[in-house]
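In case you want the letters, here they are:
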Amino acid sequence: MAKPKPAAFTCTACGASHSKWSGRCEACGAWNTITEEAPLSAGPGAKSIGAVKGDVIALASLSARETPPERTASGFEEFDRVLGGGLVPASAVLVGGDPGIGKSTLLLQAAARFGAAGLKTIYISGEEATAQIRMRAARLGLSEAPVMLGAETNLRNILTTLEAEKPDLAIIDSVQTIWADTVESAPGSVAQVRASAHELTAYAKRRGTAVILVGHVTKEGQIAGPRVVEHMVDTVLYFEGERGHQFRILRAVKNRFGPADEIGVFEMTGGGLAEVPNPSALFLSERESASAGAIVFAGIEGTRPVLCEIQALVSPTPMSQPRRSVVGWDGSRLAMILAVLEARCGIPFAGLDVYLNVAGGLRIGEPAADLAVASALLSAREDTPLPQDTVVFGEISLSGALRPVAQTESRLKEARKLGFSSALLPEGSKTGSEPGMTVQQMPDLAALVGGTFGAG
Ligand code: TYD
Ligand code: MG
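Residues numbered from 1 in each chain as written. Chains lettered and ligands numbered in written order. Predicted model: local features only at pLDDT ≥ 70, side-chain atom pairs only at ≥ 80, totals over all residues. Heavy atoms only, no water.

A few words now on the sheet that holds strand E17 (residues 390-392). The strands making up a sheet associate through backbone hydrogen bonding, with each pair oriented either parallel or antiparallel. With mixed pairing, the seven strands of this open sheet are ordered in space as E15-E16-E14-E13-E17-E20-E21. Taken across any chain shown, the strands that pair with only one partner, and hence form the sheet edges, are strand E15 (324-327) and strand E21 (438-442). On average, each strand axis in the sheet is inclined to that of its neighbour by 25°, with strand direction left out of account. Alignment of strand E13 (residues 294-301) against E17, held across two bridges, turns out to be parallel. Pairing of Val-296 across the sheet is with Val-391, part of E17. (Pairing = 2+ DSSP bridges. Helix = DSSP H or I, 4+ residues; strand = E, 2+ residues; numbered from the N terminus. Axes fitted to C-alpha atoms, helices over the stretch in contact; angles between N-to-C directions.)

For the rest of this paragraph, the subject is unusual backbone geometry. In this chain, Asp-173 is followed by Ser-174 through a cis amide linkage whose omega measures 0°. Note that Ser-174 resides in the loop between strand E7 (169-173) and helix H5 (190-207). Residue Asp-383 is not a glycine yet carries a positive backbone phi of 55°. Mapped onto the fold, Asp-383 is located in the loop between helix H8 (370-382) and E17. Judged by relative accessible area, which is 60%, Asp-383 ranks as exposed. Here Gln-407, not a glycine, exhibits a phi torsion of approximately 55°, which is positive. Tracing the sequence through the fold places Gln-407 in the loop between strand E19 (402-403) and helix H9 (408-417). (Buried < 20%, exposed > 50% of the residue type's maximum accessible area, 1.4 Å probe, protein only.)

Glancing now at the site of ligand 1. Near ligand 1, the surroundings consist of 16 residues, among which Gly-100, Lys-103, Ser-104, Thr-105 and Gly-272 are the closest. Between Gly-270 and ligand 1, the recorded distance is 3.0 Å, taken from a backbone N or O atom to an oxygen atom. Protein contact buries 74% of the 560 Å² of open area that ligand 1 shows by itself. Looking at the shell around ligand 1, the elements that each hand over two or more residues are helix H2 (103-116), helix H3 (130-139) and strand E11 (263-269). With three residues, H2 is the single largest residue contributor to the shell around ligand 1. For the shell around ligand 1, the per-class residue count stands at four nonpolar, eight polar and four charged. (Near = heavy atom within 4 Å. Polar contact = N/O pair within 3.5 Å; in protein donor to acceptor, adjacent residues only side chain to side chain. Areas by Shrake-Rupley, 256 points an atom, 1.4 Å probe, with all protein chains shown as cover. Nonpolar A, V, L, I, M, F, W, Y, C, P; charged D, E, K, R; others polar.)

Ranked by internal contacts, the top residues of the largest apolar core, which has 63 residues, are Leu-377 and Leu-445. A per-element tally of this core places H8 first, with eight residues. Built from parts of two domains, this core gets at least three residues from each of domain 2 (77-277) and domain 3 (282-452). When near neighbours in sequence (up to four residues on either side) are disregarded, Leu-445 contacts Val-340, Leu-341, Cys-345, Leu-371, Ala-374, Ile-396, Gly-400 and Leu-402. (Core = buried A, V, L, I, M, F, W, Y, C linked by side-chain atoms within 4.5 Å. Domains from an automatic or database assignment. Contact = heavy atoms within 4.5 Å.)

Under the criterion given, the structure shown has five aromatic pairs. Taking the centre distance of 6.2 Å and the plane angle of 25° together, the rings of Phe-76 and Phe-79 count as stacked. Here Phe-76 matches Phe-79 in class, with each residue buried. Taking 5.5 Å as the distance between ring centres and 55° as the angle between the ring planes, the aromatic pair formed by Phe-76 and Phe-266 counts as tilted. (Phe/Tyr/Trp six-rings, centres within 6.5 Å; stacked < 30°, edge-to-face > 60°.)

Evaluation of the coordinates by the stated rule reveals 17 salt bridges. A salt bridge links Arg-251 to Glu-301; the nearest nitrogen and oxygen atoms lie 3.1 Å apart. Taken together, the residues span a long stretch of sequence, with Arg-251 in strand E10 (residues 247-255) and Glu-301 in strand E13 at a distance of 50 residues. When sorted by exposure, Arg-251 lands in the same class as Glu-301, which is buried. Linking Glu-414 and Lys-417 is a salt bridge whose minimum nitrogen-to-oxygen distance equals 3.3 Å. Here the residue Glu-414 and the residue Lys-417 both occupy positions in helix H9, the gap between them amounting to three residues, near one helical turn. A cluster of three or more residues bridged by salt bridges with shared partners is formed by Glu-240, Arg-251, Glu-301 and Arg-363. (Salt bridge = Lys/Arg side-chain N within 4 Å of Asp/Glu carboxyl O.)

In this fold, Ser-143 is placed in the loop between H3 and strand E6 (147-151). As a C-alpha pair, Ser-143 and Ile-133 span 10 residues in sequence and 9.9 Å in three-dimensional space.

Right, here's the structure in full:
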């Protein structure tokens, strides 16, 4: 029997192996991601690696005491928070986001703060000329900031400059514009992005310099050269927000030096990004009087509670297939809640368009928002507002039962701080004692439907 040939082509997006090159990966559907890889062994006569001795690795025990990495806080607190409390030397950080969302602005401001905090900081742009960056700095009131600027796209020149200057922090804006002369493909291609990110990350480890790479996200929501850059770096931050909105959220999706899922909240102003130390107040600032379909959810983002409004609109559809439209939450989770409402509580949404929106451009990933979403849907459908001083949270299971969620006490505390005085939550929640807070606990969704909204 003939041996199967080793696959010589690999998709850099999903890792699938192919026997021949093609423009599109059949496994994940991505275009131009298939590259040739050297086969695993050098031929039939080659020895396996294990047959020839190498060096013995020095092994250590788990109990050895390790000092936590010393960090530099910039004083740009929302930024420091997302990094896990400040910048760690020799770390590689990727900041991704849509074009035009404000990455260059954010990093120029961060560079100025780190410079002022004593780090020798170099900002290299492959997208803008130094004159343009200076103009932006003037607009941000940072003309005197201790930051050195460079405009360059050639990786070799960048690395040579960094080796000569020995900065503590190097910011590269953006990794898609950098090209290595050893790689024969266009800047921005997967191979170039991978090579540049690899070299810059290796430089960070070698010289103890913190390196921040900026990366544009592609339409599919991934940084070009998907996953290729993400796994190379220590920390991956995404800068998100609605273009028409002034709020911007910096979210840690991976962090070797701090909690993932931490967020920092900013507001884009005429003079750059302003920190928002109390996001709940901001997300609720546009809230009007109690209206049907609008529910305040007490969520947890990273390590802190954040309140926001969940809005639903339910209206008869002229179409045969009703619309389900979601902004800021998971569409399949919405489908699940609609199904539970229908199957367990007898509330049909057939023939009704459903729109769900998380106000302020926040994106919620927590199942704890289930109960708030269900309340918003019911409130919209029955045209019955909840009292304005009420917050809602809890998870819904497929049986229609409500499940308590983590950190109930800190959610209630935040709600109390912002002037809310009643809460609707699952039975069995560990509420502690929050004075001035009336807590109503429910065993299942049917209790909410019948008791609160008088429907069903
Ligand atoms: P930018 O940082 O260039 O975005 P990115 O690097 O992610 O592509 O920001 C672009 C937008 O930010 C631009 O539309 C103008 C706006 N902006 C402000 O509103 N205020 C400011 O002070 C600055 C510098 C930019
Ligand atoms: Mg930019």
